[in-house]
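# Close look at the chain arrangement
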Amino acid sequence: MAAVQETVDRVRQIDVDQYRYGFETIIESEKAPKGLSEDTIRFISAKKNEPAWMLEWRLEAYRRWLTMQEPTWARVDYPKIDYQDLYYYSAPKPKKEIASLDEIDPEILKTYEKLGIPLREVEVLEGVVRPEGERKVAVDAVFDSVSVATTFQEELKKAGVIFMPISHAIQQHPELVKQYLGSVVPTSDNFFATLNSAVFSDGSFVYVPPGVRCPMELSTYFRINERNTGQFERTLIIADKGSYVSYLEGCTAPQRDENQLHAAVVELVTLDDAEIKYSTVQNWYPGNSEGKGGIFNFVTKRGDCRGANSKISWTQVETGSAITWKYPSCILRGDNSRGEFYSIAISNGYQQVDSGTKMLHLGKNTTSRIISKGIAAGKSQNTYRGLVTAHRKATNARNFTACDSLLIGDKCGAHTVPYIEAKNTSALFEHEATTSKISEDVLFYCVQRGLSQEEAVGLVVNGFVRDVLQQLPMEFAVEAQKLISISLEGSVG
Amino acid sequence: MPLLEVKDLQVRVEEREILHGLSLTVNKGEVHAIMGPNGSGKSTLSHVIAGKPGYEVTGGQILFKGEDLLEMEPDERAAKGVFLAFQYPVEIPGVATMTFLRTALNAQRKARGESEYSTPNFLKKVREVAASLNIPQDMLRRGINVGFSGGEKKRNEVLQMALFEPSLCILDEMDSGLDIDALRVAADGVNALRSPDRAMVVITHYQRLLNYIVPDVVHVMSKGRVVKSGNKDLALELEASGYAQFEEA
């Protein structure tokens, strides 16, 4: 509990304008030349000291990308992105190879401290001894494009868990990377994923060996700092037979006028009887009150329940970004495998969210569950888009979907677009959807009992999303609750 | 100084005048009943005192402890001690009753510059009050009013009244939707809160409620005005002869 309180206090201290994470860290950084070409890709690959096969993989993706069109089917509207006007690589200039946290640029550490999330990391720095048995979080921090440090390496090593920047994994565990990278989201998958495959600069790599329950929550904290940089991180998590891992991802970006591109790819693989729980709290800069600036968040996240009886669970709290285009999905390949998607998507101001999931039932007796809560305020547009399919051989596939939308004010929109395809008669798919407004009567009841309008909205919304919040690990649930109230500030009155 | 002074109050809803110069004075320690037929403006009066949006005050004044109530936001009024027990309390899914009570109580205390209750103290207080109202613990863990019976909703209103310790309680049609046993439990709860420092305004159609909550003063409302005031016998008289005599006036 103490850690949670501490986190809340820390979050409270971060009082910068409406967007509470709008600050810039001034550190020297090393960038690739502006624009995208084979040379840029060679530059990135050389920077990373990558083996030839990796460079080939990237170039193949790049050539593929040149033939692709940017998708337009999502219910989002944004100015054309000039892909030649972006920097595709930006790394804080390292003085030397980083061996421990002490050697990290204090400016960077200060940034993390301001972000308030990886408290455990700060504790480690300060030499705080934690009581036995308390839950731990290992942090892999991605600052702009490079993973600066990972903590708790020793303890993880003892358990046999590999948790490192993917750039290191390419060097140290090429057999695992070769086997799994692109096996869930192929390089040809979609415009943004293909772009990511060509230019990804870093991200996290996790491998949990057979039968191992990862002894701590793993966490990555992403932050876009450099001007005009796209952040293209690549995450790959493999849970071998009978293993379990819970992974947390938090994202923030400093406040800027121009739009910044973020196109990440996350691939999850579970083998027989394994389970991955992946949680995201995303609060990238959403743009200002006139809709200027903000992050374009075009993310491909997909999990493959490759083994029998395996399970993948996605939980997301999306409050940031100007544009969100994101569908964390599950391929339910193994018999009896299970996919879950729990989502809270909040849009305010001029934000546009088009998010949802895909549950692809391929194996027998596969089950999936989708709980989506969309909250639209201000002049925002909030769309749930979901696909549930059952393959011919997916006998007894089961899905339950509940999509609830809440509208605050009368200038926003909520949309639900479910696609359901069953190719066998034994599949049972249920879909429920509701749309409601926070009624005047509910608000009046709350203010009559002494709550301010904003407190009342916060309370009602937190009640609305409670089922999903409960899916988050404890530390994140408190952050998320706080974040929900912050992102709805100014939505009433 | 009276606790509540309503002077010549005129109120419109969407261009239609509902209250045409209503006056009412309530002193500390008194229980007033306001009776009247549907559409006489009883609920409008309670909503305007509590500050519900959608009503336009076109004339008159409401003083509460000598202060201009109409200048205050609804949450400020609550913190100053105005409590409205709703005819139809709303349901808020996902917000546990306990959480709601603590959030509201602490918001009021904060607004008054008092310290917030610690969790153990708060729990102790709620449990005491809940027990006296026959409210089971599991009801406090459920979403506020979600799936509550009519009686439970009203008891929950009384629970909040007891917890917030307001100086003015307005009970809007507390008897609606209650059977006789549920009514008795709720009324006992209200009677326990009668005190020399507190006043109550009980709004009702029927005399029945006033058998349980015996008023000091009874007012009859018709067409947006108080047309007659008297002691508790006035309510009995109304029960016998109906509102028709006032309708024609």
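Cut-off values and rules
Residues numbered from 1 in each chain as written. Chains lettered and ligands numbered in written order. Predicted model: local features only at pLDDT ≥ 70, side-chain atom pairs only at ≥ 80, totals over all residues. UniProt positions renumbered as here; feature names shortened; annotations may be inferred. Contact = placed C-beta atoms within 7 Å. Helix = DSSP H or I, 4+ residues; strand = E, 2+ residues; numbered from the N terminus. Nonpolar A, V, L, I, M, F, W, Y, C, P; charged D, E, K, R; others polar. Expected span 1.5 Å × (residues − 1). Buried ≥ 20, exposed ≤ 12 C-beta atoms within 10 Å, placed from the backbone. Pairing = 2+ DSSP bridges. Core = buried A, V, L, I, M, F, W, Y, C linked by C-beta atoms within 7 Å. pLDDT = per-residue confidence, 0-100. Axes fitted to C-alpha atoms, helices over the stretch in contact; angles between N-to-C directions. Left-handed = near helix turned anticlockwise from the far one by under 90°. Right-handed = clockwise from strand over helix to strand, strands pointing away. Parallel < 35°, antiparallel > 145°, perpendicular 65-115°, else oblique.

As annotated in an unreviewed UniProt entry, chain B carries the name ABC transporter ATP-binding protein and comes from Nitrobacter winogradskyi. Looking at the Function (unreviewed entry) heading of the UniProt record, one finds this comment for chain B: "Involved in beta-(1-->2)glucan export. Transmembrane domains (TMD) form a pore in the inner membrane and the ATP-binding domain (NBD) is responsible for energy generation."

For chain A, an unreviewed UniProt entry supplies the name Fe-S cluster assembly protein SufB and the organism Nitrobacter winogradskyi. UniProt annotates chain A under Sequence similarities (unreviewed entry) with the comment "Belongs to the iron-sulfur cluster assembly SufBD family."

On to the interface of chain A and chain B, then. One frequent convention defines the size of an interface as the accessible area lost when the parts assemble. In this assembly, 17 residues from chain A lie in contact with 22 residues from chain B. Elements with a contribution of two residues or more to the side of chain A that touches chain B: α10 (440-448) and α11 (453-464) of chain A. Looking at the side of chain A that touches chain B, the element that brings in the most residues is α10 of chain A, giving seven residues. A class-by-class count of the residues in the side of chain A that touches chain B yields eight nonpolar, four polar and five charged.

With 14 residues, helix α4 (residues 119-132) of chain B should reach 20 Å at 1.5 Å per residue; the first-to-last C-alpha distance of 20 Å fits that figure. Positive phi shows up at Asn134 of chain B, right after α4 of chain B, with a value of about 65°.

What follows deals with the pairing of strand β17 (residues 338-347) of chain A. Look at any regular strand and the pattern is simple: side chains alternate between the two faces of the sheet. Residues and elements named next belong to chain A. Where burial is concerned, most of β17 is hidden: ten out of the ten residues are buried. Burial along β17 is two-sided: Arg338, Glu340, Tyr342, Ile344 and Ile346 facing one way and Gly339, Phe341, Ser343, Ala345 and Ser347 facing the other are all buried. Taken together, the eight bridges between strand β14 (residues 311-318) and β17 define a ladder with parallel strand orientation. The partner of Val317 across the bridge, within β17, is Ile344. Inspection of the sheet shows β17 paired to strand β19 (residues 367-376) by ten bridges, in the parallel sense. By the bridge assignment, Tyr342 is partnered in β19 with Ile371.

For the rest of this paragraph, the subject is the nonpolar core. In this structure, Val206 of chain A together with Ile170 of chain B are the most contacted members of the largest nonpolar core, which totals 188 residues. If we ignore the near neighbours within four places in the chain, the residues touching Val206 of chain A are Ile162, Phe163, Leu218, Ile237, Ile238, Val245 and Tyr247 of chain A.

This part is about the confidence of the model for chain B. Detailed reading of the predicted coordinates is not advisable wherever pLDDT falls low. Residues and elements named next belong to chain B. Mean pLDDT over chain B stands at 91; residues scoring 70 or higher make up 99%. Mean pLDDT values for the elements of chain B range from 71 in helix α10 (residues 244-248) up to 97 in strand β6 (residues 82-85). Across the predicted assembly, pTM comes out at 0.80 and ipTM at 0.96.

With that settled, consider the confidence of the model for chain A. All names here are of chain A. Residue-level pLDDT values for chain A average 81, and 76% of them are 70 or greater. Note on residues 1-18: pLDDT under 50 across the span, and 28 contacts to partners over four residues away in sequence or across chains. Low pLDDT (under 50) marks residues 116-135, which in the prediction has 29 contacts with non-local residues, meaning those over four places away or in another chain.

So, about the packing of helix α3 (residues 97-111) of chain B against helix α6 (residues 150-164) of chain B. Residue and element names in this part refer to chain B. Where α3 contacts α6, the two axes come as close as 11 Å, and the packing angle between them is 35°. Crossing handedness for the pair α3 and α6: right-handed. Taking contact as the criterion, the partners of Thr97, Leu101, Leu105 and Gln108 in α3 are, on α6, Asn156, Gln160, Leu163 and Phe164. Its residues placed into classes, the contact of α3 with α6 shows four nonpolar, four polar and no charged.

Residue and element names in this part refer to chain B. Read from one edge to the other, the open sheet built from six strands follows the order β6-β9-β10-β3-β11-β12, with strand pairing classed as mixed. If you trace the sheet from one side to the other, it starts and ends with β6 and β12 (225-230), each paired once. Direction aside, neighbouring strands of the sheet carry axes that sit 20° apart on average. Relative to strand β9 (residues 168-172), β6 runs parallel, the two being bridged by four bridges. Looking across to β9, one finds that Leu84 is bridged to Ile170.

Residues and elements named next belong to chain B. Burial of strand β10 (residues 199-204) is extensive: six of the six residues sit out of reach of the surface. Neither face of β10 is open: one carries Ala199, Val201 and Ile203, the other Met200, Val202 and Thr204, and all of them are buried. Here five bridges tie strand β3 (residues 31-35) to β10, and the two strands are oriented parallel to one another. Bridge assignment links Ile34 to a residue of β10, and that residue is Ile203. Remark: the β9/helix α7 (residues 180-192)/β10 crossover connection has right-handed handedness.

Moving on, we come to the packing of α4 of chain B against α6 of chain B. Residues and elements named next belong to chain B. Relative orientation of the contacting elements α4 and α6 amounts to 135°, with a least axis distance of 10 Å. In terms of orientation, α4 and α6 fall into the oblique class. α4 and α6 meet at a crossing whose hand is right-handed. Residue-level inspection shows Lys125, Val126, Val129 and Ala130 of α4 in contact with α6, the latter providing Leu159, Ala162 and Leu163. Considered class by class, the residues forming the contact of α4 with α6 number six nonpolar, no polar and one charged.

Take the sheet that holds strand β4 (residues 56-64) of chain B next. Residue and element names in this part refer to chain B. Spatially, four strands are ordered β2-β1-β4-β5 in an open sheet, and the strand pairing comes out antiparallel. Across the chains shown, the open sheet's two edge strands, defined by having one partner strand only, are β2 (16-26) and β5 (67-68). Pairing of strand β1 (residues 4-13) with β4, which is carried by seven bridges, proceeds in the antiparallel orientation. Its bridge partner lying in β4, Gln10 is registered against Gly59. Its contacts with the sheet place helix α1 (residues 42-50) against β1, β2 and β4, and it is angled at close to 70° to β2.

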